[in-house]
Amino acid sequence: MLDKTYSAAQIEAKHYADWEQSGAFASDVRSNGHPFTIMMPPPNVTGSLHMGHALNMTLQDVLTRYYRRSGRDALWQPGTDHAGIATQMVVERNLAREGKNRRDLGRQAFVDRVWEWKAESGGMITRQLRRLGASPDWSRERFTMDEGLNRAVRKVFVTLYREGLIYRDKRLVNWDPKLRTAISDLEVEQKETKGHLWHLRYPLADDPSRWIVVATTRPETMLGDTAVAVHPDDERYKDLIGKSVLLPIVGRRIPIIADAYSDPEKGSGAVKITPAHDFNDFEVGRRHNLPMINILDADARINENAPEEYRGLDRYDARRKVVETFEALGLLEKVEDHLHTVPYGDRGGVPIEPWLTDQWYCDDATLAKPAIEAVEQGRTVFVPKQWENTYFEWMRNIQPWCISRQLWWGHQIPAWYGPDGSVFVAETEEEARAEAREKYGHDVELRRDEDVLDTWFSSALWPFSTLGWPDDTAELHRYYPGDVLITGFDIIFFWVARMMMMGLHFMGDVPFRTVYIHALVRDEKGQKMSKSKGNVIDPIELIDKYGADALRFTLISMAAQGRDIKLSEQRVEGYRNFATKLWNAARYCQLNGCEPVPGFNPRSCTLTVNRWIVGEVAETAWKVDEALKAYRFNEAAGALYQFAWGTFCDWYLEFTKPILTGEDERAKAETRGTTAWVLDQILHLLNPQMPFLTEELWAALSPARPGRLIAEPWPQYARDLVDADATAEMSWVVRLISAIRTVRSEMNVPPAAELSCYLKDASETTRARLTTHDALIRRLARLSSIEAIDTEAQLQEVVRGAAQAVVDEATAILPLSGVIDLDQERARLSKEAGKLDSEIAKLRKKLENEQFLAKAPPEVVEEQRDRLSETLRLKEKLEAALAVVSSQSAAG
């Protein structure tokens, strides 16, 4: 017998260990089943589970469990990412506590320390995924720095280099002066900052009495200016185009150029151009062949390219000195307070600098062309489809990819330099030495490039490197390309697009057929979660409190395509209550002798109520199948919730109580068998979403069953299980009772009060059903009587002031006189109507406000419209109830 209360904590660890040890998660390359492949986005090895992970991994797990049980050979490929910057920072902080830094150790010793840290502390995220119930094939777990992936990375780098698609170039990068490395756009955090806008005068070189005014938020960068740009159509400056200004402090003549980048409507219409320290200016500089003068070193201090008195100054000290000098020279026109965004490194925590430096680049423009075509041709599709536009926007405007990082932890670039600077790119040092020997005619000393590759480079190879490439493995032939990738929109470019490019280039096919983009998990108010706001919800804390199944089902039920999730703890608590409801239903079944019957045939049912519930099981299963195959996770969860809680627990179990306590043994036996069968089917269908609870109940309800639910075949339901007549009859009973209950609720009828009910215009079919189910309807609708009325006299006698509800062709009439206090009820309803009027007025005012419509995110506007519609609907229902009460009072 099940315990009285459901305890998630007691059952989750037990079942997970059993599943993993039994090999239930394993794929089988020799299987006859059709493969289903899904690549886990490898979380950072330094990471801990956040709510985005929880959503992403839950959705992947639901699909994997569903297809695994549907007979597919499911490979959910797990692994973790070496997370270059994040991991290096963790270990450097540990060293700092010992009073050391990485340079004290040297490169190899430091890398050894990182590997030691990974072995001791790097498994938190995978342990937490197990807490969530994730079921990847852990036996195949990979790490982006393991030897197999390392070999794949070297192979790809060397191949692309020899094809001219990887090269060195001097370009601008996002430079983190604290970490002293280039970082990706994804590692840049834009922070709104209260700053200043300095308006500086640049005198004309040939007429110092005239000047041109430029505005900047970074005055120190003027030391590297090499032009002033104006719009070619700006009449104010047409006579100055081609002339020069004398750059203050530096004394350098720089040209005034015409370029459409300058906006005549913004500021003075003139823009200072610093190609070495601004991404837009860099492009202007390339168009006009301007010098690119880097005035910062790797620590963001002023370097030797600036006047001597500035050299060695921190960038902000240099800023103050530049402003003071302009003011002293009478060239500071004005200073304005200015709210603007400043880019910060998300790891280093300091403002980054666009910095001109030599780096390794990948020719993404060439690699992107086949990847664009693949999506255009439908070989890979995005769900929801609108994310294809984001993909195309990025891919069609792609820039060279800076793939080098100035770190020690990561895939060291396989390039060696000879004495004269010649570069030898090879998969091994031995191959590089052989190439050098061929060039120089003898052995020479080679120096390896110290940089490592961007973490996204190895991640881009994940769909095929994890399957054994560059070796020609059976896994590669069987599991590539994958069926679906599930990920967030923020890495469509950084990861999804790059996997597409690398997969097509090296495998000749797309890495996945479908890309499902899930939404963001926000707090209950729709705000993005962040530590600074204090609104971060820890999934592990929710699992500890409510169980993994409750969290999983919450996320699945809210995962509507294209709509962000507004998560609250109350939601999770609500779905924990759902788990408790199922537990209690299972206990009820046990207490009433409803045990699984071996070989039970649902087609053998003779009772209408049992034929009805069997058909409802089939209908629900088809909805779930259809929804999961279309990635409509919330619809699958909704169908299951509605059937399990509503149809089964609230209706079927109530309908059949008289049978189970009655004298008809044959009916009791059929109903017990049917009840147990239906509960088993609920466990089957809910299993991918709530694996722990369903596994526990599966074992408890029939201890003699030999296998685990996770390994049971996914159930199939024939169309003939649906009995149309039984469905119509019992659905009518549900609708009638529901309609009466709604009237009772809206009219504030006391729960204990029994009403009379009359059916007007009832058909012969309805009258027959009424006769069959009279006792059932009276019990569940709290009625003293229910009958069909025929004559006008009967109608006039009961209809005046009665509440009414339409059910199909008939109207249910419920006299309320003497049941409720009419004056008190009229006052209550009038007060509620007033509150709704105020709410309607407030919502309409907001939705008629042009500023709100222009500034508010679309989802917020839609939410307000939904609220208005719902409030109007409630007002309509309340007015109908008020009319009934008023007419009853008048009749009295």
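Look above for the structure.
In what follows, the accompanying structure is described. (Residues numbered from 1 in each chain as written. Predicted model: local features only at pLDDT ≥ 70, side-chain atom pairs only at ≥ 80, totals over all residues. Heavy atoms only, no water.)

Position of Ala318 among the secondary structure elements: in helix α9 (residues 315–328). Judged by its relative accessible area of 0%, Ala318 falls in the buried class. Ala318 sits 231 residues away from Asp549 along the chain, and the two C-alpha atoms are 57 Å apart. Beyond its immediate sequence surroundings of up to four residues, Ala318 is in contact with Glu220, Ile302, Tyr310 and Leu313. (Helix = DSSP H or I, 4+ residues; strand = E, 2+ residues; numbered from the N terminus. Buried < 20%, exposed > 50% of the residue type's maximum accessible area, 1.4 Å probe, protein only. Contact = heavy atoms within 4.5 Å.)

This part covers the sheet that holds strand β16 (residues 401–402). Read across the sheet, 4 strands follow the order β6-β5-β14-β16 without closing on themselves; strand pairing throughout is antiparallel. Two strands bound the open sheet, and with one partner strand each, they are β6 (181–183) and β16. Of the pairings in the sheet, the one linking strand β5 (residues 166–176) to β6 comprises 3 bridges and is antiparallel in character. Each residue of the ladder has a partner; that of Asp176, found in β6, is Thr181. Its contacts with the sheet place helix α8 (residues 279–288) against β5 and β14 (353–362), and it is angled at close to 145° to β5. (Pairing = 2+ DSSP bridges. Axes fitted to C-alpha atoms, helices over the stretch in contact; angles between N-to-C directions.)

Moving on, we come to helix α1 (residues 8–22). With 15 residues, α1 ought to run about 21 Å at 1.5 Å a step, and its terminal C-alpha atoms sit 21 Å apart, in line with that. Looking only at α1, the buried set comprises Ala8, Ile11, Glu12, His15, Tyr16 and Trp19. Taken around the axis of α1, the buried residues stretch over an arc of 125°, which confines them to a single face. More than 90 degrees from the buried face of α1, the exposed residues found are Ala9, Gln10, Ala13 and Gln21. Buried positions along α1 lie against α2 (51–69), α6 (124–132), α17 (539–546), α18 (548–557) and α23 (691–701). Gly23 lies just past α1 and shows a positive phi near 80°. (Expected span 1.5 Å × (residues − 1). Arc of directions from axis to C-beta.)

Strands sit in the order β19-β18-β20 across an open sheet of 3 strands; the sheet is antiparallel. Taken across any chain shown, the strands that pair with only one partner, and hence form the sheet edges, are β19 (423–425) and β20 (447–448).

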